Each structure stands twice: as C-alpha cells, then as structure tokens.
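These are the residues of each chain, in order.
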Amino acid sequence: MSAAPAALPRHIGIIMDGNGRWARQRGLQRPDGHRAGIETIRPVMEAADRAGVHHLSLYAFSTENWSRPAAEVAALMRLFEETLAREVDELHANGVRIRVIGRRQELSPSLTRLIDAAERRTAGNRTGMLCVAINYGGRAEIVDAVRRLASAGHDLAHVDEAALAGALYTAGMPDPDLIIRTAGERRTSNFLLWQAAYAELHVTPTLWPDFGAHDLEVALQDFAARQRRFGGVDG
Ligand code: IPE
Ligand code: IPE
Ligand code: MG
C-alpha cells in the first residue's frame, strides 16, 4: 500500500520580510532590497504551483508601512506599478486570477487603475489565485467589513461569523492553511488576522530576497508534519 500523500496547504500566505536587511548586508539601499524581493515572487509562485499549491497571498505593504521614509514608500509604490504592468500578461496567460486586498482608496490613482484593470482582466481565471496585500491591515479590514455591513443595512446586533467573513476583502477565498514569515520575526504584523485563525505558522530566518524553491519545500514539509486540531482532539 502506498503512503498517503502528505497534507498540502490549499492556500499559503507569505509575510515577505527582510528586504531591508538583505540590502544592508550588501551595502545597498532599502529600495534595492525591495527590487530584489520582487524578483523572488515569480520563482516562488512557480515552485508552489509545481508542488500543487495554486493559491498564494503575499503581504507587500501594510497600513503601518506608511510610517517609513517617504522615499522608501515612493520606491515601493513605483515598484508595485512597474511589476503589475509587467507581469499581468503572463499571469493572465497562465490562468491566474489577481486580487489585491487593502485600503485601495488611499493608493495613487495610477496604481489603483492598474489594480482595477488587472483584477477585471483576470477575474474569470481559475487555474491559480495571486492575492497581493497592499495598504493592508487586518484590523482595518475588520473595521471596513463592519462599516460595509452597516451601510448595507445589515442588522449588526445579529451579525455572525459568516456575514463578517463575507464582508472582508477576502470574501470567497479559502482561509490560509499556512502562513510563512521570512526574516525570522515571530509575529503576524497585522496580516490576515481573521483568516489565519487556524493557519499553521512557519518562520524561517531566510531573508525574502534569498527565499527560493528549497525554502518553500522545507515549509511544506513542516506543514505536512503538523497536527491540526481546530480545537478538537486527536483523531
Ligand atoms: C519587507 O521587508 C517589505 C516591506 C515591509 C514593504 P522590510 O523592508 O520590512 O525588511 P526589513 O525587515 O527592514 O529587513
Ligand atoms: C510586515 O513586515 C509587512 C510586510 C511584509 C509587508 P514589517 O517589516 O512591516 O513588520 P514589522 O514592522 O517588523 O512588524
Ligand atoms: Mg520588516
């Protein structure tokens, strides 16, 4: 009898941290680290796809990251625009649906236009899902969900988990089974607070620009060895 296949996460969230340290180690500027970090995304997506994981969520910019120096924020926003403009054709050709989560109204009109167009163009794709969190905060998302329910006339005294989940930016997405954080910090930094309630956490010291297919494999092995109980008892 062959061994049962190892458990595979359906959806992986990645906190892509360590770009600044990667740059500093090389005597480069922080935006150089962010540029290198962007280059990591495609090979990691391909490795995930080969492994059978077709849904990724990437934390690219938090609601708290506006507190960084203006030049770094501007460089990041430029990179998001350049990358979206450059990568959408291929993602679309590969059947990947793009979704961007976060407070979009606070982004520049040019970035917003690119995001809207990418989402519209890829909305019918079903082979994979790439969700990018830009100006995203888990707390802001929950506040926005409550406001959305209230303005839709929902009776908030009777709100339940399904209604709230359906009003989050991630409505309709499966919850992440695995959250990977690079660069060693053991915190969520406001990423997918609601959705990651039962996600397994994998922290690696590898800095995001150095993260590769092998690191993903290690994370998947770690995940496969976990006992998920969801509050119950061993079965
Ligand atoms: C992650 O890398 C990218 C963003 C948060 C935008 P950092 O820029 O946080 O890198 P470190 O943590 O300073 O090394
Ligand atoms: C988390 O990284 C946000 C992103 C990766 C986009 P940070 O570098 O902002 O997190 P802290 O400040 O170390 O918690
Ligand atoms: Mg950081």
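The shown structure was predicted, so the numbers you read here are calculated from the model rather than taken from an experiment.

S.K.: Could you clarify how one ought to interpret the overall build of the protein in this entry?
M.R.: Of the regular secondary structure elements, the protein holds seven helices and six strands. Reading the helices (α) and strands (β) of the protein from amino to carboxyl end gives β-α-α-β-α-β-α-β-α-α-β-β-α. Rg of the C-alpha trace for the protein: 18 Å, near the compact-globule value of 18 Å for 235 residues, within the 12% margin. Principal-axis analysis of the C-alpha atoms places the extent of the protein at approximately 55 × 50 × 35 Å. For the protein, buried positions account for 49% of its 235 residues. The long-range fraction of contacts in the protein, counting pairs at least 24 apart against all pairs at least 6 apart in sequence, stands at 76%. Element-wise, carbon and sulfur atoms account for 53% of the exposed surface of the protein, whose accessible area totals about 12,400 Å².

S.K.: Looking at this structure, how should I read the site of ligand 1?
M.R.: Surveying the vicinity of ligand 1 reveals the residues M16, D17, G18, N19, G20, R21, R30, H34, A60, N65, R68 and L76. Here G18 contributes a backbone N or O atom positioned 3.4 Å from an oxygen atom of ligand 1. Between an oxygen atom of ligand 1 and a main-chain N or O atom of N19, the distance comes to 3.1 Å. Contact with the protein chains covers 87% of the free accessible surface of ligand 1, which is 380 Å². Secondary-structure elements contributing two or more residues to the shell around ligand 1 are α1 (19–25) and α2 (30–51). Counting residues per element, the shell around ligand 1 draws most heavily on α1, at three residues. Looking at the shell around ligand 1 residue by residue, the classes come out as three nonpolar, five polar and four charged.

S.K.: I'm lost on the nonpolar core in this one. Help?
M.R.: Most often, soluble globular proteins have nonpolar side chains that are buried together. Judged by nonpolar contacts, the single largest core of 37 residues is most densely connected at I12, I14, L130, I180 and L216. Per element, the largest residue contribution to this core is seven residues, and it comes from helix α3 (residues 70–93). Leaving out residues up to four positions away in the same chain, L216 has contacts with I12, V44, A47, A48, I180 and F211. Formed by 15 residues, the second largest nonpolar core is a distinct cluster that contains Y59, A133, Y169 and A196.

S.K.: I keep staring at the sheet that holds strand β2 (residues 55–62) and nothing clicks. Help me out?
M.R.: To summarise the sheet geometry, strands pair through backbone hydrogen bonds and adopt either a parallel or an antiparallel arrangement. Here we have six strands laid out as an open sheet, ordered β3-β4-β2-β1-β5-β6, and parallel in their pairing. A strand with exactly one partner marks an edge of an open sheet, and here the two such strands are β3 (96–101) and β6 (200–203). Here the strands of the sheet are splayed against their neighbours by 20° on average, with no regard to which way each runs. Pairing analysis gives five bridges linking strand β1 (residues 11–15) to β2, with the strands arranged parallel. Residue pairing for β2: H11 is matched across the bridge by H55.

S.K.: Which parts of the structure should I look at to understand the environment of E119?
M.R.: Tracing the sequence through the fold places E119 in helix α4 (residues 109–122). Taking the C-alpha atoms as reference, E119 lies 5.4 Å from I98; in sequence the two are 21 residues apart. Those residues within four positions of E119 in sequence are excluded, and the remaining contacts are I98, R99, V100 and R104.

What counts, and where the lines are drawn
- Residues numbered from 1 in each chain as written.
- Chains lettered and ligands numbered in written order.
- Predicted model: local features only at pLDDT ≥ 70, side-chain atom pairs only at ≥ 80, totals over all residues.
- Heavy atoms only, no water.
- Helix = DSSP H or I, 4+ residues; strand = E, 2+ residues; numbered from the N terminus.
- Rg over C-alpha atoms; globule rule 2.2 N^0.38 Å.
- Buried < 20%, exposed > 50% of the residue type's maximum accessible area, 1.4 Å probe, protein only.
- Contact = heavy atoms within 4.5 Å.
- Areas by Shrake-Rupley, 256 points an atom, 1.4 Å probe, with all protein chains shown as cover.
- Near = heavy atom within 4 Å.
- Polar contact = N/O pair within 3.5 Å; in protein donor to acceptor, adjacent residues only side chain to side chain.
- Nonpolar A, V, L, I, M, F, W, Y, C, P; charged D, E, K, R; others polar.
- Core = buried A, V, L, I, M, F, W, Y, C linked by side-chain atoms within 4.5 Å.
- Pairing = 2+ DSSP bridges.
- Axes fitted to C-alpha atoms, helices over the stretch in contact; angles between N-to-C directions.

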